[in-house]
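# Geometric and topological summary
Chain by chain, the residues run as shown.
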Amino acid sequence: MTTYVALLRGINVGGKKRVPMQTLRELLSGMGCGSVRTHLNSGNAVFTHPGAGAEELARGLEEAIERELGFPVPCMVRDAAGMRRVVDADPFAGRGVDPARYVVTFLAAPADPATVADLDAAAYAPEEFVLAGRELYVHYAQGIRDAKLAKVLTERRLGTAGTGRNWNTVTKLAAMAEETAAQET
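The paragraphs below set out a description of the structure included in this document. What you see is a predicted model, and the numbers here were worked out from it, not measured in a lab.

Read from one edge of the open sheet, four strands run S6-S7-S5-S8, paired in antiparallel fashion. With one partner strand each, in any of the chains shown, strand S6 (128–132) and strand S8 (162–166) form the two edges of the open sheet. Neighbour to neighbour, the strand axes of the sheet diverge by 20 degrees on average, direction disregarded. For strand S5 (residues 102–107) and strand S7 (residues 135–139), the ladder comprises five bridges, and the chain directions are antiparallel. Each bridged residue has a counterpart across the sheet, and for Thr-105 the counterpart in S7 is Leu-136.

Right under this line is the structure:
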């Protein structure tokens, strides 16, 4: 039994693409997932599954949402070990970064580092970013609302879909996944 974290992009924002967390739990249960729990109202779920891999589960959840709710929702899925690696790889560790202004974007596929190679870090300071495979770590030192990096680190530039979570949510989801995995053993 493997423990996973699902991250849904762009739901329950401004009354659009409403996905009640109860519905999300029911959809995951209907896919054969167990120990399903959600976190916040923004499309975060922790669950177990006996056989499918993360990509297969992401596709299955996208299909279930579109079938049941009538609109597409990109879904990123990581296993518990992958979530732990995201936390352990924190490029801003020990720097006193405000976790509310620190976002990890979970990408559907690895982004080519060449897509961001032309970005001059000094032009965006004090904002900072690190692209690491299927995750993009971004510190919006003065908040995301007027952030320059938010306008350039787009899905179009990166060539893949993604969904962001602040550092508090990332660490909470990693902890929930570890708790769930421990309960399953």
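Now, onward.
Moving on, we get to the nonpolar core. By size, the foremost hydrophobic cluster in this structure holds 23 residues, and its most contacted members are Leu-8, Leu-24, Leu-28, Phe-47, Leu-61 and Ile-65. When residues of this core are traced back to their parent elements, those giving at least two are strand S1 (2–8), helix H1 (21–30), strand S3 (44–49), helix H2 (54–69) and strand S4 (75–79). Per-element accounting of this core gives the leading share, five residues, to H2. Non-local contacts of Phe-47, meaning those with residues more than four positions away in its chain, are made with Thr-2, Thr-3, Tyr-4, Val-5, Ala-6, Leu-28, Cys-33, Gly-34, Ser-35, Val-36, Leu-57 and Val-77. Core analysis: the second largest hydrophobic core is formed by 21 residues, Leu-7, Val-46, Ala-80 and Val-87 among them.

Moving on, we come to helix H3 (residues 80–88). Looking only at H3, the buried set comprises Ala-80, Gly-82, Met-83, Val-86 and Val-87. End-on, the buried residues of H3 take up no more than an arc of 160 degrees, which puts them together on one face. Exposed residues pointing more than 90 degrees away from the buried face of H3 are listed as Arg-85 and Asp-88.

What follows deals with the pattern of salt bridges. If charged atoms from side chains of opposite charge come close, those side chains can pair. Per the stated rule, a full pass over the model turns up 10 salt bridges. We note a salt bridge from Arg-9 to Glu-155, for which the minimum N-O separation is 2.2 Å. Separated by 146 residues along the polypeptide, Arg-9 in the loop between S1 and H1 and Glu-155 in helix H6 (residues 155–158) bring together distant segments of the chain. Look at Arg-9 and you get partly exposed, because its relative accessible area is 26%. Notably, a salt bridge pairs Glu-179 with Arg-37, separated by 3.6 Å at the nearest N-O pair. Remark: Arg-37 occurs in strand S2 (residues 34–39) and Glu-179 occurs in helix H7 (residues 167–184); sequence separation between them is 142 residues. On the accessibility criterion, Glu-179 (37% relative accessible area) is partly exposed.

This part is about the packing of aromatic side chains. Considering all chains together, one arrives at three aromatic pairs under this definition. Centre to centre, the rings of Tyr-102 and Trp-167 are 4.7 Å apart; their planes meet at 10 degrees, and the pair counts as stacked. In this pair, Tyr-102 is assigned in strand S5 and Trp-167 in helix H7, connecting sequence segments 65 residues apart. Each residue in the set Phe-92, Tyr-102 and Trp-167 is aromatic and connected to the rest through ring pairs, giving one cluster.

Attention now goes to the pairing of S3. Burial of S3 is extensive: six of the six residues sit out of reach of the surface. Of the two faces of S3, both are covered, the one formed by Asn-44, Val-46 and Thr-48 as well as the one formed by Ala-45, Phe-47 and His-49. Here S1 runs beside S3; their pairing, made up of six bridges, is antiparallel. Within S3, the position partnered with Thr-3 by the bridge is Thr-48. Strand direction decides the pairing type here: S2 and S3, joined by four bridges, are antiparallel. Of the residues in S3, the one forming a bridge with His-39 is Asn-44. What sits between the antiparallel neighbours S2 and S3 is a turn of four residues, in which Leu-40 has the positive phi angle 60 degrees.

Criteria and thresholds
Residues numbered from 1 in each chain as written. Predicted model: local features only at pLDDT ≥ 70, side-chain atom pairs only at ≥ 80, totals over all residues. Heavy atoms only, no water. Pairing = 2+ DSSP bridges. Helix = DSSP H or I, 4+ residues; strand = E, 2+ residues; numbered from the N terminus. Axes fitted to C-alpha atoms, helices over the stretch in contact; angles between N-to-C directions. Core = buried A, V, L, I, M, F, W, Y, C linked by side-chain atoms within 4.5 Å. Buried < 20%, exposed > 50% of the residue type's maximum accessible area, 1.4 Å probe, protein only. Contact = heavy atoms within 4.5 Å. Arc of directions from axis to C-beta. Salt bridge = Lys/Arg side-chain N within 4 Å of Asp/Glu carboxyl O. Phe/Tyr/Trp six-rings, centres within 6.5 Å; stacked < 30°, edge-to-face > 60°.

Purely spatial values, then, with no claim about function.
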